[in-house]
Number of protein chains: 2
Amino acid sequence: MSMAEETAGTEASPWGEVTPDAARRLLLAAVEAFAERGYHATTTRDIAGRAGMSPAALYIHYKTKEELLHRISRIGHEKALDILRTAARAEGSPTERLAEAVSSFVRWHAGGRTTARVVQYELDSLGPEARAEILALRRQVDAEVRGIIEEGVASGEFDVPDVRGTTLAVLSLCIDVARWFNVDGPRTPEEVGTLYAGLVLRMVGAGEAAGAAQR
Amino acid sequence: MSMAEETAGTEASPWGEVTPDAARRLLLAAVEAFAERGYHATTTRDIAGRAGMSPAALYIHYKTKEELLHRISRIGHEKALDILRTAARAEGSPTERLAEAVSSFVRWHAGGRTTARVVQYELDSLGPEARAEILALRRQVDAEVRGIIEEGVASGEFDVPDVRGTTLAVLSLCIDVARWFNVDGPRTPEEVGTLYAGLVLRMVGAGEAAGAAQR
DNA sequence: GATCGCGCTAAGCGCCCGCTCACCCATCCC
DNA sequence: GGGATGGGTGAGCGGGCGCTTAGCGCGATC
């Protein structure tokens, strides 16, 4: 009832694919609760209550509380991967594509902080098989960013001595936005995205070549 | 019994000041448990068991489970602040001091990943008053790093359009090391510290001035 | 308009949580 | 040697947890 405006601030929350309606409401309630208090501190009674249902209703749509987290995590990672893939496979130089990848990835983590928090920080609460599935998605995320950086190195635009380490650092920087970003703070997701894209280009040495060309 | 080698790998864990001995063993057990499973998923029975004591023994030394987390968090933040202060107030140019600050801060997060994880990621599990106290320490941490960057801008060594935002990004980058660093992984804390110091110097535009001077 | 099936609820099971309490046993002071 | 002190234990409390089950209301079907 109070979460109807969810579609407004966030960039088109990807929960549209979840059906039926009651299952989606429960998932949305779980995302909110997990983000606020963490998975283990959230009770099934709390989730059901936020969705306006009785505790037992949850188990009609999901086998366990963990299945809720698993579904949230998979959908979230797929969305994150989709964002990076779109940026990585767009037209343009590695510099342009890296900037777009970072800024859109950061925008997602800042704007959809609620979801991103759960997706990025509750991984350990999953069981072994579910975690393994999510880790495979993470490896694809890493490969996507590493690909852009490698292309930039190959083209001479970037100067990166340690590609794997720098990829790790870039992703780490973006992901941690979900931890500290505050919706009531002074910065919009767009501003943070722009700031971070600039910082990352410096990290890969993209400014130097551009600067040298200008001189 | 199995945690006697704690002093080996880690850089002189700061728990020496905690007395008596039983209280320190409980604190150490709590750090391990909180880092592995999170605060809410850890039971007092688990903590006491790791320390080789009965569940009731915990309440002789600590009023509640939360007091354990509070103590860990305060000691950890004080140690982190101490590390940054030492680097910030050393002799040398802003470039040298920023590099030393980042590399030592990162070494602490990687080497003492167990402690750092609890310190950096379980803040929300504290009550309002305890959290407020810790947040004050965090503001001092931020001010220390911002100070170095401001000096570098003033001296012309750095080129930083957004000092507050860049400070945030630098700290975020360092802190997130505690999330992904793996002791069994390919990198030592020293290597990550060196890598990150280089990346941060690029973020503040320190390479440019040096590069320009070399040309 | 009776039947069926599905989404949902009320009630509650068994378990384990944080925490307490009555008591134990070394050590130390006199 | 007797008594106080303080770190420690075993048993257990009230309560809240994840999850189950019996049954209810209601729209679709014929």
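Just above, that's the structure.
Because the structure is predicted, anything quoted here is derived from the model rather than measured. (Residues numbered from 1 in each chain as written. Chains lettered and ligands numbered in written order. Predicted model: local features only at pLDDT ≥ 70, side-chain atom pairs only at ≥ 80, totals over all residues. Heavy atoms only, no water.)

Among the 16 residues in the neighbourhood of DNA strand C, the closest are listed as Ser54(A), Ile60(A), Thr44(B), Arg45(B) and Tyr59(B). In this structure, a phosphate oxygen belonging to DNA strand C sits 2.9 Å away from a side-chain N or O atom of Tyr59(B). With respect to DNA strand C, the backbone of Lys65(B) contributes an N or O atom lying 3.0 Å from a phosphate oxygen. Those elements that provide at least two residues to the surface near DNA strand C are α4 (58–61) of chain A together with α3 (44–50) of chain B. Each residue belonging to the surface near DNA strand C can be placed in one class, and the counts come to 7 nonpolar, 6 polar and 3 charged. (Near = heavy atom within 4 Å. Polar contact = N/O pair within 3.5 Å; in protein donor to acceptor, adjacent residues only side chain to side chain. Helix = DSSP H or I, 4+ residues; strand = E, 2+ residues; numbered from the N terminus. Nonpolar A, V, L, I, M, F, W, Y, C, P; charged D, E, K, R; others polar.)

Ranked by internal contacts, the top residues of the largest apolar core, which has 87 residues, are Leu98(A), Val102(A), Tyr196(A), Met203(A), Leu98(B), Val102(B) and Tyr196(B). With near-sequence residues (within four places) excluded, Leu98(B) lies in contact with Ile148(B), Ile149(B), Phe158(B), Val200(B), Leu201(B) and Val204(B). Core analysis: the next-biggest nonpolar cluster, separate from the first, contains 26 residues, Ala23(B), Ile75(B), Leu123(B) and Ile134(B) among them. (Core = buried A, V, L, I, M, F, W, Y, C linked by side-chain atoms within 4.5 Å. Buried < 20%, exposed > 50% of the residue type's maximum accessible area, 1.4 Å probe, protein only. Contact = heavy atoms within 4.5 Å.)

The operation relating chain A to chain B is a screw motion whose rotation component is 180°, with 0.0 Å of axial translation and a residual RMSD of 0.0 Å. As the rotation angle and translation indicate, the two copies are arranged about a two-fold axis. Every residue of chain A has its C-alpha some distance from the rotation axis, and the shortest such distance is that of Leu173(A), at 2.5 Å. The overlap is high: 100% of the interface residues of chain A also sit at the interface in chain B, so the same surface is used on both sides. (Least-squares fit on C-alpha atoms with pLDDT ≥ 70 in both.)

This brings us to the pattern of salt bridges. Residues and elements named next belong to chain A. Using the criterion set out here, one finds 38 salt bridges over all chains in the structure. Note that arginine 37 is salt-bridged to aspartate 46, the shortest N-O span being 3.7 Å. Given a relative accessible area of 18%, aspartate 46 falls into the buried group. A single salt-bridge network, built from bridges that share partners, covers Glu32, Glu36, Arg37, Asp46 and Arg50. (Salt bridge = Lys/Arg side-chain N within 4 Å of Asp/Glu carboxyl O.)

Our focus in this paragraph is the packing of helix α11 (residues 189–203) of chain A against helix α11 (residues 189–203) of chain B. Taken N-terminus to C-terminus, the directions of α11(A) and α11(B) make an angle of 120°; their axes are 8 Å apart at the nearest point. For the element pair α11(A) / α11(B), the angle class is oblique. Here α11(A) and α11(B) pass one another in a crossing that is right-handed. Two secondary-structure elements touch here, α11(A) through Leu199(A), Arg202(A) and Met203(A) and α11(B) through Leu199(B), Arg202(B) and Met203(B). Considered class by class, the residues forming the contact of α11(A) with α11(B) number 4 nonpolar, no polar and 2 charged. (Axes fitted to C-alpha atoms, helices over the stretch in contact; angles between N-to-C directions. Parallel < 35°, antiparallel > 145°, perpendicular 65-115°, else oblique. Left-handed = near helix turned anticlockwise from the far one by under 90°.)

The environment of DNA strand D is made up of 16 residues, and the closest members are Thr43(A), Thr44(A), Arg45(A), Tyr59(A) and His61(B). In DNA strand D, atoms within 4 Å of the protein come 55% from sugar and phosphate. The backbone of Thr44(A) places a nitrogen or oxygen atom 2.9 Å from a phosphate oxygen of DNA strand D. The separation between a phosphate oxygen of DNA strand D and a polar side-chain atom of Lys65(A) is 3.0 Å. Where the surface near DNA strand D is concerned, the elements lending two or more residues are α3 (44–50) of chain A together with α4 (58–61) of chain B.

The next point concerns the interface of chain A and chain B. Tallying the contact residues gives 32 residues for chain A and 32 residues for chain B. Of all residues in chain A, Arg179(A), Arg202(A) and Met203(A) bury the most surface against chain B, accounting for 23% of the area lost on that side. Run the count over chain A and chain B and you get 6 salt bridges. Among the salt bridges present, the one from Asp162(B) reaches Arg187(A), with a minimum N-O distance of 2.9 Å. Applying the counting criterion to the chain A and chain B interface returns 10 residue pairs in polar contact (both at pLDDT 80 or more). Elements represented by at least two residues in the side of chain A that touches chain B include exactly α7 (113–121), α9 (163–175), α10 (177–180) and α11 of chain A. Counting residues per element, the side of chain A that touches chain B draws most heavily on α9(A), which supplies 8 residues. Here the residues of the side of chain A that touches chain B sort into 13 nonpolar, 6 polar and 13 charged. (Buried area = accessible area lost by both parts, 1.4 Å probe.)

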